Amino acid sequence: QVQLVESGGGLVQAGGSLRLTCAASGVIAGIYTMGWFRQAPGEEREFVAAISGSGERTFYADAVKARFTISRDNTRDTVWLQMNSLEPEDTAVYYCAARWNGGSRSDSNQYSDWGQGTQVTVSS
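Residues numbered from 1 in each chain as written. Predicted model: local features only at pLDDT ≥ 70, side-chain atom pairs only at ≥ 80, totals over all residues. Heavy atoms only, no water.

Enquirer: Would you mind showing me how to read the overall build of the chain here?
Expert: Helix and strand content of the chain: zero helices and 11 strands. For the chain, the N- to C-terminal ordering of α and β elements is β-β-β-β-β-β-β-β-β-β-β. For 124 residues, the compact-globule formula gives about 14 Å, and the C-alpha radius of gyration of the chain, at 13 Å, lands near that figure. Each of the three principal axes of the chain carries a C-alpha extent, and together these read 40 × 25 × 25 Å. Here the chain holds 124 residues, and the buried ones make up 44% of them. Once local pairs closer than 6 in sequence are excluded, the contacts in the chain between residues at least 24 apart make up 58%. For the chain, the accessible area works out to roughly 6100 Å², and carbon and sulfur atoms hold 44% of it. Across the chain, the 10 positively charged side chains and the 13 negatively charged ones have centroids separated by 6 Å. (Helix = DSSP H or I, 4+ residues; strand = E, 2+ residues; numbered from the N terminus. Rg over C-alpha atoms; globule rule 2.2 N^0.38 Å. Buried < 20%, exposed > 50% of the residue type's maximum accessible area, 1.4 Å probe, protein only. Contact = heavy atoms within 4.5 Å. Areas by Shrake-Rupley, 256 points an atom, 1.4 Å probe, with all protein chains shown as cover. Lys, Arg positive; Asp, Glu negative; His and termini not counted. Charge placed at Lys NZ, Arg CZ, Asp CG, Glu CD.)

Enquirer: Sorry if this is basic, but what is going on with the nonpolar core here?
Expert: As a rule of thumb, soluble globular proteins bury nonpolar side chains together. One finds Met 34, Trp 36, Leu 81, Met 83 and Tyr 94 to be the most contacted residues of the largest nonpolar core, which totals 34 residues. Mapped onto this core, the elements with two or more residues apiece are β3 (18-24), β4 (33-39), β5 (46-52), β7 (68-73), β8 (78-83), β9 (92-99) and β11 (118-123). Setting aside chain neighbours within four positions, we find Tyr 94 in contact with Glu 6, Leu 20, Trp 36, Phe 37, Arg 38, Val 48, Phe 68, Leu 81, Met 83, Gly 117, Thr 118 and Val 120. (Core = buried A, V, L, I, M, F, W, Y, C linked by side-chain atoms within 4.5 Å.)

Enquirer: Where do I start with the state of the cysteines in this structure?
Expert: Here a disulfide denotes one covalent bond, and it connects the sulfur atoms of two cysteines. Going through the model one piece at a time under the given rule, you end up with one disulfide. Note on cysteine connectivity: Cys 22 is disulfide-linked to Cys 96, with sulfurs 2.1 Å apart. Its S-S torsion of approximately -75 degrees makes the covalent link between Cys 22 and Cys 96 left-handed. Here Cys 96 lies in strand β9 and Cys 22 lies in strand β3, a separation of 74 residues in the sequence. In this structure Cys 96 comes out as buried when scored by relative accessible area, which is 0%. (Disulfide = S-S within 2.5 Å.)

Enquirer: How do you make sense of the sheet that holds β7 when you look at a structure like this?
Expert: Working definition: the strands of a sheet are paired by backbone hydrogen bonds and lie parallel or antiparallel to each other. Strand order in the open sheet formed by four strands is β1-β3-β8-β7, and the pairing between neighbours is antiparallel. Edge positions in the open sheet fall to β1 (4-7) and β7, since each of these has one partner strand only. In this sheet, neighbouring strand axes are inclined to one another by 15 degrees on average, regardless of whether the strands run parallel or antiparallel. Bridge count between β3 and β8: six bridges; the pairing is antiparallel. (Pairing = 2+ DSSP bridges. Axes fitted to C-alpha atoms, helices over the stretch in contact; angles between N-to-C directions.)

Enquirer: Help me understand the packing of aromatic side chains in this model?
Expert: The geometry of an aromatic ring pair is captured by the separation of the ring centres together with the interplanar angle, meaning the angle of the planes. Applying the stated criterion to the full structure yields five aromatic pairs. Relative to Trp 114, the ring of Phe 37 has its centre 5.1 Å away and its plane inclined at 55 degrees; by these criteria the two rings are tilted. In this pair, Phe 37 is assigned in strand β4 and Trp 114 in strand β10 (residues 113-114), connecting sequence segments 77 residues apart. For Phe 37, a relative accessible area of 0% translates into the label buried. The cationic tip of Arg 45 hangs over the ring face of Tyr 95; the distance from NZ or CZ to the ring centre is 3.9 Å. Directly above the ring of Trp 114 sits Arg 45, whose terminal nitrogen or CZ lies 4.6 Å from the centroid. (Phe/Tyr/Trp six-rings, centres within 6.5 Å; stacked < 30°, edge-to-face > 60°. Lys NZ or Arg CZ within 6 Å of the ring centre and 35° of its normal.)

Right under this line is the structure:
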């Protein structure tokens, strides 16, 4: 098990950028996948992006592809989500999560460890 703490959220105008950080209390090098999810008020939690254990493979939801970039540094036990060209529809609480085993990387049920979330608000 690993403790995850997100930071970097805030209020930004449409078209702006934010960089979210997920700091792990333990070693994440062995974690199969790290992911970012988001949840808007009244909506289900949805997949945003994921990155393989080595960092060589990345995966994105269609809604954020080409705008968001996920990265990780296992030596620093940290994962980032760079968000560019933000839109009001990106407004949500963003969560970092860790997956130790296989299964669908876009399925939140496959992730066992979660952070507390960080609020991202994009104004029009």
